[in-house]
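# Examining the three-dimensional arrangement
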Amino acid sequence: VQLQAFGGGLVQSGAALRLSCAASGRTFNGYMMGWFRQPPGKERQFVAAVTRTGLVTTYADSVKGRFTISRENGKNTVYLQMNSLKPEDTAVYYCAADGTLVIEAMKNPDDMDFWGKGTLVTVSS
């Protein structure tokens, strides 16, 4: 499956931003979807994941309560709504797809089947 993330940009601390990730090429609802990010000089880290139906989600502790992942299978798109952004949220954000049946497995970036190109989010203080 081919993935393309959109929606990054430069925002001030406290602002909101919504990222989108459009999928094509294979059956979108056959995959769990996740968002990861890579801050400058750091390794890629898990942000959020959602099951095939969209009914179950999981988040990194650092974004819990501020970020929301969702998906629209009819549009082959997964979203990441980011509220109350902080400078430490600055990173390149990537979407990923995996065929796992266990949502906890979405937390390991090494296990993802497909990656999209990232989109840069910069949060100024």
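A short tour of the structure in this document, coming up. (Residues numbered from 1 in each chain as written. Predicted model: local features only at pLDDT ≥ 70, side-chain atom pairs only at ≥ 80, totals over all residues. Heavy atoms only, no water.)

To continue, consider the overall build of the protein. The helix and strand tally for the protein stands at zero helices and eleven strands. Its helices and strands taken in sequence order, the protein reads β-β-β-β-β-β-β-β-β-β-β from the N to the C terminus. For 125 residues, the compact-globule formula gives about 14 Å, and the C-alpha radius of gyration of the protein, at 13 Å, lands near that figure. Its C-alpha atoms give the protein principal-axis dimensions of about 40 × 25 × 25 Å. Classification of the 125 residues of the protein by burial places 44% in the buried group. Considering only contacts within the protein whose residues lie at least 6 apart along the sequence, 59% involve residues at least 24 apart. (Helix = DSSP H or I, 4+ residues; strand = E, 2+ residues; numbered from the N terminus. Rg over C-alpha atoms; globule rule 2.2 N^0.38 Å. Buried < 20%, exposed > 50% of the residue type's maximum accessible area, 1.4 Å probe, protein only. Contact = heavy atoms within 4.5 Å.)

Let's shift gears to the state of the cysteines. Summed over all chains, the structure comprises one disulfide. With a sulfur-sulfur separation of 2.0 Å, Cys 21 is cross-linked through a disulfide to Cys 95. Here Cys 21 and Cys 95 share a disulfide; its torsion about the S-S bond, 60 degrees, makes the bridge right-handed. Of this pair, Cys 21 sits in strand S3 (residues 17-24) while Cys 95 sits in strand S9 (residues 91-98), and the two are 74 residues apart along the sequence. According to the relative accessible area criterion, Cys 21 is buried, its value standing at 0%. (Disulfide = S-S within 2.5 Å.)

All right, on to the pattern of salt bridges then. Going through the model one piece at a time under the given rule, you end up with five salt bridges. Of the charged contacts, one joins Glu 72 and Lys 75 as a salt bridge, the two residues approaching to 3.9 Å between their closest N and O atoms. Overall, Glu 72 belongs to the partly exposed group, its relative accessible area being 34%. Take Lys 75: its relative accessible area is 54%, and that puts it in the exposed class. Each member of the salt-bridge network shares a partner with another, and the members are Arg 37, Arg 66 and Asp 89. (Salt bridge = Lys/Arg side-chain N within 4 Å of Asp/Glu carboxyl O.)

One pass over the full model with this rule turns up four aromatic pairs. Look at Tyr 31 and Phe 114: their rings are 5.6 Å apart centre to centre, the planes differ by 85 degrees, and that puts the pair in the edge-to-face class. You can see Tyr 31 sitting in the loop between S3 and strand S4 (32-38) and its partner Phe 114 sitting in strand S10 (residues 114-115), a full 83 residues away along the chain. Relative accessible area serves as the criterion here: at 12%, Tyr 31 is assigned to the buried category. Ring centres 5.8 Å apart and planes at 75 degrees place the aromatic pair Phe 36 and Phe 46 in the edge-to-face group. Here Phe 36, found in strand S4, pairs with Phe 46, found in strand S5 (residues 45-50); they are ten residues apart in sequence, far enough to count as distant. Each member of the pair, Phe 36 as well as Phe 46, carries the same accessibility label: buried. For the cation-ring pair, Arg 44 lies above Tyr 94, with the distance from its terminal atom to the ring centre recorded as 3.7 Å. Between the NZ or CZ atom of Arg 71 and the centre of the ring of Phe 28, over which it lies, the distance is 4.4 Å. (Phe/Tyr/Trp six-rings, centres within 6.5 Å; stacked < 30°, edge-to-face > 60°. Lys NZ or Arg CZ within 6 Å of the ring centre and 35° of its normal.)

Treat this as a map of the structure, not an account of what it does.
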